[in-house]
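Structural overview for review
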Amino acid sequence: KKVLIELSITIRREARAGNPRQQHNLAVLYTLGIGVPLDFKRAHHWFNKAALQGLSESQFNLAIAYQGGMGVRKDIVIAYKFYSLAATQGLHLAAAGRDHIAQFMSRLQIETAQRMARGFQQGIERWQEMKNLEKAGQSNVNRILGIDPD
């Protein structure tokens with residue numbers, strides 16, 4: 001446990017710097033109360049940051065949170081959205097979760113969730129394009145200045 005507490009300092013620093021894997025890890029620590037206070041709302045915050053960057057595990061955990069109302073208001077439409085996003089990336093448990101809650105949803109709710117998932121995915125794609133442009137721009141600046149990236 002002491003190692004996890006020490007590691008949580010590194011995880012927090014890297015999460016704040018924008019690393020989606022560490023944002024996910026920090027959210028997990030908040031759900032367990034290891035190295036940080038037990039806090040489902042903070043966990044949601046960090047899972048959401050990682051999910052916005054396309055991390056399927058965080059999308060899956062958000063689906064679970066919305067399905068059960070852990071740190072957020074219970075909402076099966078949003079849960080379905082996040083299950084769908086994670087399932088699209090190959091998480092089989094997410095597909096099973098999505099299919100399970102679909103049994104309790106109306107056609108309109110499912111269509112709404114699917115529309116929300118498409119919009120969320122487009123946002124992820126735009127964010128990734130921006131990151132790629134920033135990276136390409138920095139590479140061009142380095143090339144112009146004669147800075148070797150290695």
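Structure's up top.
First, a word on scope: everything that follows refers to the structure included in this document. Given the structure is predicted, the values throughout are model-derived calculations rather than measurements. (Residues numbered from 1 in each chain as written. Predicted model: local features only at pLDDT ≥ 70, side-chain atom pairs only at ≥ 80, totals over all residues. Heavy atoms only, no water.)

From N to C terminus, the protein chain includes seven helices and zero strands. Listing the helices and strands of the protein chain from first to last along the sequence gives α-α-α-α-α-α-α. Seen through its principal axes, the protein chain has C-alpha atoms that stretch 60 × 40 × 25 Å. Here the protein chain holds 150 residues, and the buried ones make up 35% of them. Long-range contacts, defined as pairs at least 24 residues apart, comprise 49% of the intrachain contacts of the protein chain with a sequence gap of at least 6. Accessible surface, the protein chain: about 9,200 Å² in total, of which carbon and sulfur atoms supply 55%. (Helix = DSSP H or I, 4+ residues; strand = E, 2+ residues; numbered from the N terminus. Buried < 20%, exposed > 50% of the residue type's maximum accessible area, 1.4 Å probe, protein only. Contact = heavy atoms within 4.5 Å. Areas by Shrake-Rupley, 256 points an atom, 1.4 Å probe, with all protein chains shown as cover.)

The next thing to look at is the packing of helix 1 (residues 2-16) against helix 2 (residues 20-32). It is at 8 Å that the axes of helix 1 and helix 2 come closest, and there the two elements cross at 130°. Considering their axes alone, helix 1 and helix 2 lie oblique with respect to each other. Our pair here, helix 1 against helix 2, has a crossing hand that is left-handed. Together, S8, I11, R12, E14 and A15 of helix 1 and Q22, Q23, N25, L26 and L29 of helix 2 make up the contact between the two elements. Of the residues assigned to the contact of helix 1 with helix 2, the class counts are four nonpolar, four polar and two charged. (Axes fitted to C-alpha atoms, helices over the stretch in contact; angles between N-to-C directions. Parallel < 35°, antiparallel > 145°, perpendicular 65-115°, else oblique. Left-handed = near helix turned anticlockwise from the far one by under 90°. Nonpolar A, V, L, I, M, F, W, Y, C, P; charged D, E, K, R; others polar.)

Take the environment of A15 next. With respect to the element layout, A15 can be found in helix 1. On a C-alpha basis, the gap between A15 and A50 in space is 9.0 Å, while along the polypeptide they are 35 residues apart. In this view, A15 contacts Q22, Q23, L26 and W46; residues no more than four positions away in its chain are not counted.

Okay, the environment of M116 next. Tracing the chain through its elements places M116 in helix 7 (residues 107-145). What makes M116 partly exposed here is its relative accessible area of 30%. The spatial distance from the C-alpha of M116 to the C-alpha of I78 is 8.0 Å, given a sequence separation of 38 residues. Non-local contacts of M116, meaning those with residues more than four positions away in its chain, are made with V77, I78 and K81.

Right, let's get into the pattern of salt bridges. Going through the model one piece at a time under the given rule, you end up with five salt bridges. Between D75 and R73 there is a salt bridge, and its shortest N-O distance comes to 3.6 Å. Take D75: its relative accessible area is 15%, and that puts it in the buried class. The salt bridge involving K131 is made with E134; its shortest N-O contact spans 3.7 Å. (Salt bridge = Lys/Arg side-chain N within 4 Å of Asp/Glu carboxyl O.)

The next subject is the packing of aromatic side chains. Using the criterion set out here, one finds three aromatic pairs in the structure. Between the aromatic rings of Y66 and F82, the centroid separation amounts to 6.0 Å while the plane-to-plane angle is 10°, which identifies the pairing as stacked. Within this pair, whereas Y66 is found in helix 4 (residues 56-68), its partner F82 is found in helix 5 (residues 76-88), the two being separated by 16 residues in sequence. Just as Y66 is buried, F82 falls in that class too. Members of the aromatic cluster, each reached through a chain of ring pairs, are Y66, F82 and F120. (Phe/Tyr/Trp six-rings, centres within 6.5 Å; stacked < 30°, edge-to-face > 60°.)

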